[in-house]
Amino acid sequence: MENMGKEVYSYNSECLTCNDRPILPIMGEFHFSRYPEGEWKTALKKMQQGGVDIVAAYVFWIHHEEAEGEWDFSGRRNLKAFLNCYQEVGMKVWLRIGPWAHGECRNGGFPDWLVKKEKRGELALRTNDPEYLKYVDIFFTKIAEQADGYMHKDGGPVIGIQIENEYGHAGGPSDREEGMAHMHTLRAMAEEKGLTAPYYSATGWGGAYVPESFLPVLGGYVDAPWANHTHELAASENFLFQPFHDDANIASDFSEGQSGFTFDAAEFPYLTAELGGGLQVTAHRRTYPYPEDIEAQTICMLGAGANLIGYYMYHGGVNPDGKYSTLQESKATGYANDLPVKSYDFQTCLRENGLPSESYYRLRKHHAFIKNTEELLAPAKVYLPDNISEPASAEDMETLRAAFRYNKTADCGFLFINNHQRKRKMTEKQITPEKPLQFTVTDVEGIQRQIIFDRIHVRTDAILVLPYNLPVIIRGEQFRLRKTNASYLGCFGGTYYFYTDEKPEDIYFEWSDGNDHAEVVRILTIHDAEHFCYAQEGADEKGKVSLLPDLHFAEAGKVRIADAGQAVESIWNVYGQTEPNVYELTLEYEYHPADALSGDVWLELDFGGDCARLYQDGKLLDDWFSNGELWRVALKRYGYPTKLTLELDPFKPDVYYDLPPKRENRLAGARLLRLS
């Protein structure tokens, strides 16, 4: 626990707290070194608008010291400038300092020169070997120099620090005592450098080492693009309500099937740091995170008691240029997967090109609900139904999936229902007086009570968040909203907002006084709930309700395509041996000269094949493993180029796809787009 002005962060066995009040933060991962520094602030504001209030960020060692002693904190690698952006935007930071990170980075973030020292027997990585710790000490010193003045105790935004990653699950010693000792050593080294924060975390899934005084953080992904096969996965248990769920698929490329905790779950709040906001494609698996998957998984974790909703990734990026090698994870460096050299899009909420995905909007409404109700929701205990059986497995499409979080002090709660399973079709369900949904809770006096829901229609793929006995203030007097079949968004400016796809005549509200209080209720469509904005500040804007606009594109010029045919001879590069088709693209912007443009312009490429690469004057700008989507490349960051070269590799049949791929190796079309 630390004190900085009015903010005192701590935790108990239920939740995180700030100034002794329960909080339920939304955390999103964003890698500063994988994004143009000129666009950081815009990206952070989009994350903030999406409901994120903490940004998690790796500091990849190899991004800053590719050659021993050659440090680089310039440009997009400038950690100090990035932390200053947080300060200006008003967001908190959870800094993930490694030393080993993974994050689909080359060597998991270790520089090549350090890995070579281990291969020569000069040191042992990820241990308390003094020779290894000597280099970690220098790395932590450099991070501390960059972060000086930005720790919470100094009035800065850094409230959390993660030590190592998946340690004991993805690498590290098999001896538990040795592993715990190393985690303690790394933390002590960080603290000695001034890298201090109210919270220190360690990844807790799959038997990873979580020592005393560390907060364990968990995760879950809707699929496993790192799995070592090319067939569809079994139905995931992430779509069930399971408190303190340990997703066995995380990092299964390192330790398949390993599970179990090294900490006592009863002593800690249920926190997540790696709920997949998307999925990063690999060479052999092009899994696609359908937006309804991302939403449903989040609600299952929240309904099962998660009190930190942390996404990995929330904003995609592009790997920086390496000085001596490329910087992506690859089999050539001893890892299990081949990834794009540049793209780290992750198919997530905010894409590498800065555009929001459908998942971004779907999650916004839940983030608004969480922040609006966190003092009621965070202390609320989880109950599962006691009058229906649990689903037999994730393949059970018939059994209702529900959880109830009850706050005994406030005598209110929230019912969570998920009727979606990835790549499956669940049956519609009716909760009726004849077939009710029942929970037995313990109230503030220690007495058990039954809470019954009996009028809810649950459509296929429905995701519901329904209030129970919600305190409502009307003209200064408190009432209770006993029940409704409309999902709750929150109270904004004294008006209570709900959303549903039910017909108006089928929506009901049961009030404690038996009257109709329609004057304080607004019912939104699901679309409008996802785009809902309420201004919290600003002399002219405060209290104003608005909707985020839908994305609409307009033509921003023309692309002239010259087919240069197949490469004269096969090319051997980091992608392997390939015989690409080559296209020369001439971009003619609607405004001339191109540098007169102010907003972003996207190059949309409709292509078939396996992998696309975009070059400017022989330099690789970006690449894209085909995944069934159109590829949209942001051009402002490259100075609005007018000449580009596109290479397309032939389609490979031994690759898993979710979305139907285009097999013919050709460029079907190209457009220049802007937001209209």
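Coordinates for the structure precede this section.
Everything quoted here is computed from the prediction, not taken from an experiment. (Residues numbered from 1 in each chain as written. Predicted model: local features only at pLDDT ≥ 70, side-chain atom pairs only at ≥ 80, totals over all residues. Heavy atoms only, no water.)

Engineer: Which parts of the structure should I look at to understand the overall build of the protein chain?
Structural biologist: The helix and strand inventory of the protein chain stands at 9 helices and 43 strands. For the protein chain, the C-alpha radius of gyration of 25 Å lies close to 26 Å, the compact-globule estimate for 676 residues. If one aligns the C-alpha atoms of the protein chain with their principal axes, the spans along those axes are about 80 × 60 × 55 Å. Every one of the 676 residues in the protein chain was classed for burial, and the buried ones make up 60%. Here the contacts in the protein chain between residues at least 6 apart in sequence split such that 74% fall between residues at least 24 apart. Total accessible area on the protein chain stands at roughly 26000 Å², and carbon and sulfur atoms take up 47% of it. Charge separation in the protein chain, taken as the distance between the mean sites of 68 positive and 101 negative side-chain charges, equals 3 Å. (Helix = DSSP H or I, 4+ residues; strand = E, 2+ residues; numbered from the N terminus. Rg over C-alpha atoms; globule rule 2.2 N^0.38 Å. Buried < 20%, exposed > 50% of the residue type's maximum accessible area, 1.4 Å probe, protein only. Contact = heavy atoms within 4.5 Å. Areas by Shrake-Rupley, 256 points an atom, 1.4 Å probe, with all protein chains shown as cover. Lys, Arg positive; Asp, Glu negative; His and termini not counted. Charge placed at Lys NZ, Arg CZ, Asp CG, Glu CD.)

Engineer: Sorry if this is basic, but what is going on with the packing of aromatic side chains here?
Structural biologist: Aromatic rings considered in pairs are described by the distance between their centres and by the relative angle of their planes. Per the stated rule, a full pass over the model turns up 52 aromatic pairs. Ring centres of Trp61 and Trp113 lie 6.3 Å apart, and the angle between their planes is 85°; on these two criteria the pair is classed as edge-to-face. Taken together, the positions of Trp61 in helix H2 (residues 61–64) and Trp113 in helix H4 (residues 112–119) put the pair 52 residues apart, joining distant regions of the chain. The same class applies to Trp61 and to Trp113, which are both buried. Relative to Tyr468, the ring of Phe453 lies with its centre 6.1 Å away and its plane at 70°, an arrangement referred to as edge-to-face. Of this pair, Phe453 sits in strand E21 (residues 448–453) while Tyr468 sits in strand E23 (residues 463–468), placing them 15 residues apart in sequence. The exposure classification of Phe453 matches that of Tyr468, with both residues buried. Aromatic rings pair up to connect Trp61, Trp71, Phe73, Phe110, Trp113, Tyr132, Tyr135, Phe139 and Phe140 into one cluster. Above the face of the Tyr656 ring, Arg285 is positioned so that its terminal group lies 4.7 Å from the ring centre. (Phe/Tyr/Trp six-rings, centres within 6.5 Å; stacked < 30°, edge-to-face > 60°. Lys NZ or Arg CZ within 6 Å of the ring centre and 35° of its normal.)

Engineer: Is there a simple way to think about the sheet that holds strand E9 (residues 199–203) in this case?
Structural biologist: For sheets, the rule is that strands pair by backbone hydrogen bonds, running either parallel or antiparallel. One closed barrel accounts for 8 strands, arranged E5-E6-E7-E8-E9-E10-E11-E13; its pairing is parallel. Averaged over all pairs of adjacent strands, the angle between their axes in this sheet comes to 25°, without regard to strand direction. Helix-sheet contacts for helix H3 (residues 79–89) involve strand E6 (54–58), strand E7 (92–96) and strand E8 (158–162), and the interaxial angle to E7 is about 150°. (Pairing = 2+ DSSP bridges. Axes fitted to C-alpha atoms, helices over the stretch in contact; angles between N-to-C directions.)

Engineer: Any chance you could explain the packing of helix H7 (residues 291–303) against helix H8 (residues 358–377) here in plain terms?
Structural biologist: Between two packed helices, what matters for the description is the angle formed by their axes and the separation of those axes. Interhelical geometry of H7 versus H8 gives an angle of 15° and a closest axis separation of 9 Å. In terms of axis orientation, H7 runs roughly parallel to H8. Classified by chirality, the crossing of H8 by H7 is right-handed. Across from Pro291, Glu292, Ile294, Glu295, Thr298, Ile299 and Leu302 in H7, the residues of H8 making contact are Glu358, Ser359, Arg362, Leu363, Lys365, His366, Phe369, Ile370 and Leu377. (Parallel < 35°, antiparallel > 145°, perpendicular 65-115°, else oblique. Left-handed = near helix turned anticlockwise from the far one by under 90°.)

Engineer: Mind showing me how you'd approach the sheet that holds strand E26 (residues 487–492) here?
Structural biologist: With mixed pairing, 3 strands are arranged side by side in an open sheet as E26-E27-E29. In this open sheet, the two edge strands, each paired with only one partner strand, are E26 and strand E29 (521–524). Along the sheet, successive strands turn relative to each other by an average axial angle of 25°, direction set aside. Across 5 bridges, the pairing between E26 and strand E27 (residues 495–499) is antiparallel. Bridged to Tyr488 within E27 is Phe498. Lying over the sheet, H8 contacts E26 and E27, oriented at roughly 55° with respect to E26.

Engineer: Looking at this structure, I do not really get the environment of Glu122. What am I missing?
Structural biologist: With respect to the helices and strands, Glu122 occurs in the loop between H4 and helix H5 (130–147). It is 58 Å that separates the C-alpha atoms of Glu122 and Gly413, two residues lying 291 residues apart in sequence. Discounting residues that sit within four places of it in the chain, Glu122 has contacts with Lys117, Asp129 and Glu131. Polar side-chain contacts of Glu122 include one of 2.6 Å to the side chain of Arg120. (Polar contact = N/O pair within 3.5 Å; in protein donor to acceptor, adjacent residues only side chain to side chain.)

Engineer: When you look at the environment of Leu133 in this model, what are you seeing that I'm missing?
Structural biologist: Structurally, Leu133 is set in helix H5. Counting along the chain gives 49 residues from Leu133 to His182, while the straight-line C-alpha distance between them is 9.9 Å. Each residue touching Leu133, except ones within four places of it in the same chain, is listed here: Thr127, Asn128, His182, Thr185, Leu186 and Met189.

Engineer: How should I be thinking about the pattern of salt bridges in this particular structure?
Structural biologist: It is possible for side chains bearing opposite charge to pair when their charged atoms get close. Scanning all chains against the criterion turns up 53 salt bridges. Arg126 serves as the salt-bridge partner of Glu164, at 2.8 Å between the closest nitrogen and oxygen. Of this pair, Glu164 sits in the loop between E8 and helix H6 (176–192) while Arg126 sits in the loop between H4 and H5, and the two are 38 residues apart along the sequence. Both residues of the pair, Glu164 and Arg126, count as buried. Lys134 is paired through a salt bridge with Glu131; the nearest N and O atoms lie 3.0 Å apart. With Lys134 and Glu131 both in helix H5 and 3 residues apart, the pair spans about one turn of that helix. Under the relative-accessibility criterion, Glu131 is labelled partly exposed at 28%. What emerges from the salt-bridge pattern is a single network uniting Asp223, Glu232, Arg285, Asp293, Glu395, Arg422, Lys423, Arg424 and Asp658. (Salt bridge = Lys/Arg side-chain N within 4 Å of Asp/Glu carboxyl O.)

Engineer: Help me understand unusual backbone geometry in this model?
Structural biologist: Excluding glycine, residues mostly have negative phi values, and the peptide bonds linking residues are mostly trans. The omega torsion of the bond from Gly98 to Pro99 falls at 20°, within 30 degrees of zero and hence cis. Considering the arrangement of structural elements, one finds Pro99 in the loop between E7 and H4. In the segment running from Tyr312 into Met313, the intervening peptide bond is cis, with an omega of -20°. Mapping Met313 onto the fold places it in the loop between strand E13 (309–312) and strand E14 (317–318). The phi dihedral of Glu104 is positive, around 55°, even though this residue is not glycine. Structurally, the position occupied by Glu104 is in the loop between E7 and H4. The phi torsion at Arg126 lies on the positive side, around 60°, for a residue other than glycine.

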